[in-house]
Amino acid sequence: MLGLLAPIAVVIAATAPAAWIVAPAAAAALILVALIDGWLAGAMSHFEYVVPSDAEVGQPAMIRVNAEIERDGDATLPEAAIGYDPRLGADGASHFRLQPTGKPGQFSGVGEAVPVRRGTGEFHDLWLRWPGPLGLAVRQTHVELDARMRVWPDLSPVRSPVLQAFMRDSQFGLVARRIRGEGTQFEALSEYEPGMDRRRIDWKASARHTALYARENESERDNQLVFAFDCGQSMCEPVDGLPRIDRAVSAALTAAYVALKGGDRVSLFGFADHPQLMTPFVSDTRAFHRLQSAAAELDYIPREPNFTLALATLTSRLKRRSLIVLFSDFTDPTSAEMMVESVERLVRHHLVIFVTMVDTELEELAIEEPDSMGDIASAVSADALATQRAIVLQKLRRMGVNVIEAPHDKIGYQLIDSYLATKRAEAIG
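Residues numbered from 1 in each chain as written. Predicted model: local features only at pLDDT ≥ 70, side-chain atom pairs only at ≥ 80, totals over all residues. Heavy atoms only, no water.

**Let's talk about the pairing of strand β5 (residues 93-97)**
In step 1: Going residue by residue along β5, you find S94 and F96 tucked away on one face and A93, H95 and R97 left uncovered on the opposite face.
In step 2: Pairing analysis gives five bridges linking strand β4 (residues 79-84) to β5, with the strands arranged antiparallel. Within β5, the position partnered with G83 by the bridge is A93. (Buried < 20%, exposed > 50% of the residue type's maximum accessible area, 1.4 Å probe, protein only. Helix = DSSP H or I, 4+ residues; strand = E, 2+ residues; numbered from the N terminus. Pairing = 2+ DSSP bridges.)

Dropping the structure here:
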């Protein structure tokens, strides 16, 4: 508005030089009106904020701000902005408006932060601003915050209605049904009846009782499962906004919950250029939080993984045959060959499931219609990498490794299906 007054001041100076005082007087009047508008905006008498202490990666965390301002509730609504660690959101800040609560001068609003990495993130600043009734002036206050939020692995798949309905099955309920007639673990003897498998007849017990008795077996429990995570450079790359390692952790914890319900024992193993951690085996769902806490400590390491050292260390710590679920990815043939060699030694003593996420970026580059020579070069390179990837996965399958390659939102359920099929086949023990 001061800028619009400038041409008028020039006209006055040219036509009536004695009236030059009109222009600065108008500017001063405008500034005075702005000051009055700022005063009418009202002062803040009280405010508070509520930040959750815990959240899950990829899931929105609600941040509430309450403020009490001495002003009319029908005026332009106040705005709030909270700045935080980039770990807690890609933008580093959340902007939202405060709404009237129904009480005079009281406003409340909710913003959200969507964490993109596990760990502890900080909220460091809070800004509040509210304009006057004329919109010429804005009052603003800034407060330094000292709040932290711990970001845990995403357990939303565990709480999903689909999985909960599946877990209500009699095999995984609170009182699990014993599955007789399958497996190799002895459960009881019963009188032989026509139609039973003759191979189940226990001849020694039959001789002692002078009657035919058959063995009833139960599906084996107490199998050992190890979820091994490659925390190296490739797994730190994002897929649909979250690092691959976080997608892998969510899928692993979902499968681990099912395994614990099935009576098996679960451990987590993390590695990059050297082994990070290996948890003791957990055998009860009441101790599931230990796995969640350990998974939260898996770090993001932007270095190439050492499969030879990591898998050799894992093998030395396992005293019996186990099912090892390896989450990894690869980008170049050299690292892929080293991984294949290490997995080959692992397969000699254990059962291995290799889980990798579909590289949608490579697929898009390979099928995208090129518009320039650069696009053609990118498409050729992407197709070559996809071919190399397929060759590596085929080598793993030939070694007897069960390979799961699927989108990130489907690997968890495919892993559960593979685990249950392996358990039914009694291939772990």
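**Details of helix α7 (residues 244-261)**
In step 1: An ideal rise of 1.5 Å per residue puts 26 Å on 18 residues; α7 measures up with 26 Å between its terminal C-alpha atoms.
In step 2: Taken from the residues just after α7, G263 is the one with a positive phi, measuring 90°. (Expected span 1.5 Å × (residues − 1).)

**Some details on the side chain of D125**
In step 1: Tracing the backbone through its elements, the reader meets D125 in strand β8 (residues 119-131).
In step 2: No salt bridge is formed by the buried D125; its nearest oppositely charged neighbour, R148, is found at 13 Å.
In step 3: Reaching out from D125, the side chain makes a polar contact with the side chain of H124 at a distance of 2.5 Å.
In step 4: In terms of polar contacts, D125 uses its side chain to reach the side chain of H142, at 2.5 Å.
In step 5: The contact partners of D125, leaving out residues within four places of it in the chain, are A81, I82, G83, H142, V143, E144 and L145. (Lys, Arg positive; Asp, Glu negative; His and termini not counted. Salt bridge = Lys/Arg side-chain N within 4 Å of Asp/Glu carboxyl O. Polar contact = N/O pair within 3.5 Å; in protein donor to acceptor, adjacent residues only side chain to side chain. Contact = heavy atoms within 4.5 Å.)

**Here we look at the packing of helix α9 (residues 307-317) against helix α10 (residues 333-347)**
In step 1: Relative to each other, α9 and α10 sit at 15°, their axes nearing to 9 Å. Relative to α10, α9 is oriented roughly parallel. For α9 against α10, the interelement crossing comes out right-handed. Of the residues in α10, those touching α9 at F307, T308, L311 and T315 are S335, M338, M339, S342, V343, R345 and L346.
In step 2: Taken together, the residues of the contact of α9 with α10 sort by class into six nonpolar, four polar and one charged. (Axes fitted to C-alpha atoms, helices over the stretch in contact; angles between N-to-C directions. Parallel < 35°, antiparallel > 145°, perpendicular 65-115°, else oblique. Left-handed = near helix turned anticlockwise from the far one by under 90°. Nonpolar A, V, L, I, M, F, W, Y, C, P; charged D, E, K, R; others polar.)

**Focus on a nonpolar patch on the surface**
In step 1: Together, I31, L32, L35, I36, W39 and L40 make up an exposed nonpolar region whose accessible area comes to about 650 Å².
In step 2: Note on placement: I36 falls in helix α2 (residues 22-40).
In step 3: Classification of I36 by relative accessible area gives partly exposed; the value is 42%. (Patch = residues over 30% accessible without salt bridge, like charges linked within 9 Å, V, L, I, M, F, W, Y side chains within 5 Å. Areas by Shrake-Rupley, 256 points an atom, 1.4 Å probe, with all protein chains shown as cover.)

**Comments concerning a negative patch on the surface**
In step 1: There is a patch of like negative charges on the surface, built from E368, E369, D371 and D375.
In step 2: Position of E369 among the secondary structure elements: in the loop between α11 (360-367) and α12 (373-398).
In step 3: We classify E369 as exposed; its relative accessible area is 66%. (Charge placed at Lys NZ, Arg CZ, Asp CG, Glu CD.)

**So, the sheet that holds strand β16 (residues 275-278)**
In step 1: On the basis of which strands lie adjacent, the open sheet formed by six strands has the order β16-β15-β12-β17-β18-β19 and mixed pairing. Every other strand in the sheet has two partners, leaving β16 and β19 (402-406) as the edge strands with one partner each. Each neighbouring strand pair of the sheet contributes to a mean axis angle of 15°, computed without reference to strand direction.
In step 2: Sheet topology note: the strand β17 (residues 323-327)/strand β18 (residues 351-357) ladder contains five bridges and is parallel. Residue pairing across strands places L326 opposite F354, the latter belonging to β18.
In step 3: Those strands touched by α7 are β12 (224-230), β15 (265-271), β17 and β18, and its axis lies near 175° from that of β12.

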